[in-house]
Amino acid sequence: DVYPFKYIIPEASKKSSSPKSESKDKERNKWDEYCEALRDLKTTWLTKLEPTEQSSTLYEELKVSHPDHLAIHVARLQSLESEKERLKEKKDVNKKTEKVEGTKEAEKVKEGEKEIDEKAVGSSEKGHGDGEKESRDEQKQKKIISLLRQIVTVADAVIKAVNQPSLLAFYGMKVDNRPDAAKIKGQMDKQKWSLLESLVRKGCALSELYIMLQDNQGHNESDELFSVLADAQLSPSLDEIDALMRDVLKFAEATDSKVIQFSILHALVLGHHGRALRFMQRQQSEDRLTRELEEKCLNSYRMLGWSHSVRHFEQSAPVRYPVSYHPF
């Protein structure tokens, strides 16, 4: 038997310039360009300003005048994140300074440079100074917690504004034959990166809050800092952090440079120290070695009971960080 087949090959659709886009370009005047440039300028400055009252006023103003512009929220997130990191670095520097001063003080006492009366006076002054330092540290900790809360709030604004199913459907599409496909792709890419950054920032903030809460669980429940962290309406949950990680993995790999910090914190929150070490070692191989990252690795080694690794990295630290090593 013979069955004839007839193949009809249609011509490829010609991509012509959209008349709508041309008309829109013609309608744009100098005033619209000025307004757009002014918006972008304010958004750029929003990342540079510290999160003060003026910065908050500018953010609220931009949010009201341009509610659909996601870059405003992303700029605010970057501003809050940089301020949080600055406070954390300042806190770490103060701890290192106190440690060095304590070592010098102990050496002086051993050498007999101070008499008993001076010791008594010094100890009382030191006790008063320690109280002030604790108060300052607590204030910094509260500021960090406040910044983390703000990061979560701003990130939620972006997450709610982006339609994730439609975004996933677009990236799941094999070919887009629409005339303005390039323009649509550009818009979708902007939404994707804004959403991804917001998910990662929120995940990191919630993870840090969760770790703080776990570290302060042994404290007195009447403690003001503990009560701030343990607020039922604000305290994060493992399910919420895990859901954020699942959303992140829809758009990027766990080892992506934009995501790896959240991957580390997510693993630490769940107690997966081996997985956290894998991410941290990857980050060490790609980026410059930092003492902060190595301290996190050492903590994971301790939690895993790898005393040999702890001993090796502690003893070889002066070789890797000679600038911060004090031989005397």
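About the thresholds
Residues numbered from 1 in each chain as written. Predicted model: local features only at pLDDT ≥ 70, side-chain atom pairs only at ≥ 80, totals over all residues. Heavy atoms only, no water. Helix = DSSP H or I, 4+ residues; strand = E, 2+ residues; numbered from the N terminus. Buried < 20%, exposed > 50% of the residue type's maximum accessible area, 1.4 Å probe, protein only. Contact = heavy atoms within 4.5 Å. Areas by Shrake-Rupley, 256 points an atom, 1.4 Å probe, with all protein chains shown as cover. Polar contact = N/O pair within 3.5 Å; in protein donor to acceptor, adjacent residues only side chain to side chain. Axes fitted to C-alpha atoms, helices over the stretch in contact; angles between N-to-C directions. Parallel < 35°, antiparallel > 145°, perpendicular 65-115°, else oblique. Left-handed = near helix turned anticlockwise from the far one by under 90°. Nonpolar A, V, L, I, M, F, W, Y, C, P; charged D, E, K, R; others polar. Salt bridge = Lys/Arg side-chain N within 4 Å of Asp/Glu carboxyl O. Core = buried A, V, L, I, M, F, W, Y, C linked by side-chain atoms within 4.5 Å. pLDDT = per-residue confidence, 0-100. Patch = residues over 30% accessible without salt bridge, like charges linked within 9 Å, V, L, I, M, F, W, Y side chains within 5 Å.

(A) The arrangement of the overall build of the protein chain in detail. Each helix and strand in the protein chain was counted, giving 14 helices and zero strands. When each of the 328 residues of the protein chain is scored for burial, the buried share is 31%. A separation threshold of at least 6 residues defines the contact pool for the protein chain, and within that pool the share at least 24 residues apart is 65%. When the accessible surface of the protein chain is summed, it comes to about 21,900 Å², and 53% of that surface belongs to carbon and sulfur atoms.

(B) Examining the side chain of D176 more closely. With respect to the element layout, D176 can be found in the loop between helix 6 (164-172) and helix 7 (181-215). Residue classification places D176 among the buried residues on the basis of a relative accessible area of 17%. Looking at D176, its side chain comes within polar contact range of the side chain of R178, at 2.8 Å. Among all residues touching D176, those that are not within four sequence positions of it are F170 and A181.

(C) The packing of helix 7 against helix 10 (residues 260-270), seen in detail. Where helix 7 meets helix 10, the closest approach of the two axes is 9 Å, and the angle between their N-to-C directions is 30 degrees. When the axes of helix 7 and helix 10 are compared, the pair comes out roughly parallel. In this structure, helix 7 meets helix 10 at a crossing whose hand is left-handed. Contact residues: helix 7 offers V200, G203, C204, S207, E208, Y210 and I211, while helix 10 offers Q261, F262, L265, H266 and V269. When the residues that make up the contact of helix 7 with helix 10 are grouped by side-chain class, the tally is seven nonpolar, four polar and one charged.

(D) Fine view of the pattern of salt bridges. Enumeration according to the criterion identifies 19 salt bridges in this entry. Between E314 and R302 there is a salt bridge whose closest N-O contact spans 2.7 Å. On the criterion of sequence distance, the pair formed by E314 in helix 13 (residues 307-315) and R302 in helix 12 (residues 291-304) is long-range, its members being 12 residues apart. Owing to a relative accessible area of 42%, E314 belongs among the partly exposed residues under this scheme. Classification of R302 by relative accessible area gives partly exposed; the value is 43%. What emerges from the salt-bridge pattern is a single network uniting E81, K84, E85, E197, R201 and E208.

(E) The arrangement of the nonpolar core in detail. Judged by nonpolar contacts, the single largest core of 45 residues is most densely connected at L46, L195, V248 and F262. Counting residues per element, this core draws most heavily on helix 7, at 12 residues. Listed in part, the 14 residues of the second largest apolar core include I260, A276, F279 and L293.

(F) The environment of S79, seen in detail. Residue placement: S79 occurs in helix 4 (residues 70-111). For the pair S79 and L147, spaced 68 residues apart in sequence, the C-alpha separation works out to 10.0 Å.

(G) View of the confidence of the model for the protein chain. Averaged over every residue, the pLDDT of the protein chain is 80; residues scoring 70 or more account for 74%. Looking at the elements of the protein chain, mean pLDDT is at its lowest for helix 1 (residues 19-27), recorded as 54, and at its highest for helix 9 (residues 238-249), recorded as 94. Confidence over residues 103-110 falls short of pLDDT 50; this stretch has five contacts with residues more than four positions distant or in other chains.

(H) Quick peek at a nonpolar patch on the surface. Together, W31, Y34, L38, L41, W45 and L49 line one region of the surface with nonpolar side chains, adding up to about 620 Å² of accessible area. Tracing the sequence through the fold places W31 in helix 2 (residues 30-48). Classification of W31 as exposed rests on a relative accessible area of 57%.

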